[in-house]
Amino acid sequence: MTEPTPLLECRDLTVGHGKVSVIRDFNLSLQPGQVLAVLGPNGAGKTTLMTSIAGLIPRMAGQVIVNGTPLRNGRPGVANRSGVVLVPDQRALFNTLTVRENLYLARKKGGPELAETMEMFPALAKRLKLAAGELSGGEQQMLAVARALVQNPKVLLIDEMSMGLAPVIVEDLLPMVRQVADQSKVVVVLVEQHVKLALEVADQAIVVVHGSVHLRGSAAELAANPARLEEAYMGGAADVAV
Ligand SMILES: Nc1ncnc2c1ncn2[C@@H]1O[C@H](COP(=O)(O)OP(=O)(O)O)[C@@H](O)[C@H]1O
Ligand SMILES: [Mg+2]
């Protein structure tokens, strides 16, 4: 039996800043509806990886393939039109514009109706007329995710959604991400510092240390092996499967 075409693939991806490579020979294959947790210490290269998949920094080598089609290098517009949408670690909202305006600006032809997206975020739906800058941190993060969803993503990249947020808020936000993957069959790549919470919603997980994958496996397997997880974080043996 032939394998179905993955929705997101990275093949031998090498990427960095200037001439310095940060992520080296990175490989990944995800099917529709799968959630991948990308874990690892600060400075490991997680944001570099995410911005590269989104086409925002050019690749030094390798390929990013969406639904069987390789993306042209360093072309964020091409990546976005192929359905790759990044929720950056800085939420990058228009703070003086209202919630509704932020969403309208991001909307795409053929994308979901605003009301449909808002069903997933009832707290936000009540604040459509408020300026984004007046929202709480958790609501701003919801808006950042909602703004990605109105772009009708196939591949949703979420970089540290919990940055600056209390764990109780993250506990509410992460299940929404799972719901998006289940309902819309998008691939979600989730960079997250709250390891336990991330592993609860993810299918697969990787630990990236110094630009390489030090551990990979199902999220359940990683969650069941905290010692292995800790060892990988500390930079233990490279590319081990749980
Ligand atoms: N714009 C940049 N220019 C040069 N070096 C950078 C830039 N952004 C990140 N780096 C370096 O790349 C490495 C990985 O950073 P980053 O991808 O932000 O890691 P993480 O998101 O895992 O914390 C770090 O050593 C960082 O200093
Ligand atoms: Mg980062």
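Everything here concerns the structure above.
Residues numbered from 1 in each chain as written. Chains lettered and ligands numbered in written order. Predicted model: local features only at pLDDT ≥ 70, side-chain atom pairs only at ≥ 80, totals over all residues. Heavy atoms only, no water.

Can you help me understand the overall build of the protein in this one?
Of regular secondary structure, the protein possesses 10 helices and 11 strands. What you see for the protein is a C-alpha radius of gyration of 17 Å, in line with the 18 Å of a compact globule of 242 residues. Along the longest, intermediate and shortest principal axes, the C-alpha atoms of the protein span 50 × 45 × 40 Å. Relative to its 242 residues, the protein shows a buried fraction of 51%. Sequence separation of 24 or more characterises 68% of the internal contacts of the protein that already satisfy a separation of 6 or more. Only carbon and sulfur atoms are counted for the fraction: they give 53% of the accessible area of the protein, which is about 11300 Å². (Helix = DSSP H or I, 4+ residues; strand = E, 2+ residues; numbered from the N terminus. Rg over C-alpha atoms; globule rule 2.2 N^0.38 Å. Buried < 20%, exposed > 50% of the residue type's maximum accessible area, 1.4 Å probe, protein only. Contact = heavy atoms within 4.5 Å. Areas by Shrake-Rupley, 256 points an atom, 1.4 Å probe, with all protein chains shown as cover.)

Just checking my understanding: could you explain helix α1 (residues 46-53) for this structure?
For an α-helix the count is 3.6 residues per turn, leaving residues at separations of three or four pointing the same way. Extensive coverage of α1 is indicated by the burial of seven of its eight residues. Those residues of α1 not exposed but buried are Lys46, Thr48, Leu49, Met50, Thr51, Ser52 and Ile53.

Mind showing me how you'd approach the environment of Ser184 here?
You can see Ser184 is positioned in helix α7 (residues 167-184). Note: C-alpha distance between Ser184 and Ala148 (36 residues apart in sequence) is 13 Å.

Got a minute to help me understand the nonpolar core in this structure?
Inside soluble globular proteins, nonpolar side chains tend to come together where they are buried. Formed by 53 residues in total, the largest nonpolar core has its most connected members in Leu103, Phe121, Leu124 and Val188. Residues contacting Leu103, with those up to four places away along its chain left out, are Leu114, Met118, Leu128, Leu143, Ala146, Arg147 and Val150. Residues Leu36, Ala54, Val64 and Ala79 belong to the second largest nonpolar core, which totals 31 residues. (Core = buried A, V, L, I, M, F, W, Y, C linked by side-chain atoms within 4.5 Å.)

Got a minute to help me understand the side chain of Lys46 in this structure?
Secondary-structure assignment places Lys46 in helix α1. Despite its burial, Lys46 pairs with no opposite charge, the nearest such side chain being Glu160 at 4.5 Å. Of the polar contacts made by the side chain of Lys46, one reaches the backbone oxygen of Gly40; its length is 3.0 Å. Only 2.8 Å separates the side chain of Lys46 from the backbone oxygen of Pro41, close enough to count as a polar contact. Here Lys46 is in contact with Val38, Leu39, Gly40, Pro41, Glu160, Val191 and Gln193, once residues within four sequence places are set aside. (Lys, Arg positive; Asp, Glu negative; His and termini not counted. Salt bridge = Lys/Arg side-chain N within 4 Å of Asp/Glu carboxyl O. Polar contact = N/O pair within 3.5 Å; in protein donor to acceptor, adjacent residues only side chain to side chain.)

What is the right way to look at the environment of Val35 in this model?
Residue position: Val35 is located in strand β3 (residues 35-39). Using a relative accessible area of 1% as the deciding quantity, one classes Val35 as buried. In sequence terms Val35 and Gln204 are 169 residues apart; their C-alpha atoms lie 6.5 Å from each other. Ignoring anything within four residues of it in the chain, the contact list for Val35 reads Arg178, Ala181, Val188, Val201, Ala202, Asp203 and Gln204.

Would you mind going over the sheet that holds strand β1 (residues 8-17) with me for this structure?
By definition, the strands of a sheet pair up through backbone hydrogen bonds, in either a parallel or an antiparallel sense. Reading across the sheet, the four strands line up as β2-β1-β4-β5 and stay open at both edges, with antiparallel pairing between neighbours. Both outer strands of the open sheet, β2 (20-30) and β5 (69-70), are each paired with one neighbouring strand and no more. By the bridge criterion, seven bridges tie β1 to β2 in an arrangement that is antiparallel. When the sheet's bridge partners are listed, Glu9 is paired in β2 with Ser29. Running at roughly 120° to β1, α1 makes contact with β1, β2 and β4 (59-66) of the sheet. (Pairing = 2+ DSSP bridges. Axes fitted to C-alpha atoms, helices over the stretch in contact; angles between N-to-C directions.)

Would you mind going over the packing of helix α6 (residues 137-149) against α7 with me for this structure?
Any two packed helices are characterised by how steeply their axes cross, that is the angle between the axes, and by the distance between the axes. For the pair α6 and α7, interaxial distance at closest approach is 10 Å and the crossing angle is 10°. For the element pair α6 / α7, the angle class is roughly parallel. Note on element contacts: α7 touches α6 through Ile169, Leu173, Met176 and Val180, opposite Gly138, Gln141, Met142 and Leu149. The class makeup of the residues in the contact of α6 with α7 is six nonpolar, two polar and no charged. (Parallel < 35°, antiparallel > 145°, perpendicular 65-115°, else oblique. Nonpolar A, V, L, I, M, F, W, Y, C, P; charged D, E, K, R; others polar.)

Just to check I follow, could you spell out the site of ligand 1 for this structure?
Ligand 1 sits among His17, Val22, Pro41, Asn42, Gly43, Ala44, Gly45, Lys46, Thr47 and Thr48. At a separation of 3.3 Å, a nitrogen atom of ligand 1 approaches a polar side-chain atom of His17. Between Thr48 and ligand 1, the recorded distance is 2.5 Å, taken from a side-chain N or O atom to an oxygen atom. If one sorts the elements of the shell around ligand 1 by residue count, α1 sits on top with three residues. Tallied by class, the residues present in the shell around ligand 1 amount to three nonpolar, six polar and one charged. (Near = heavy atom within 4 Å.)

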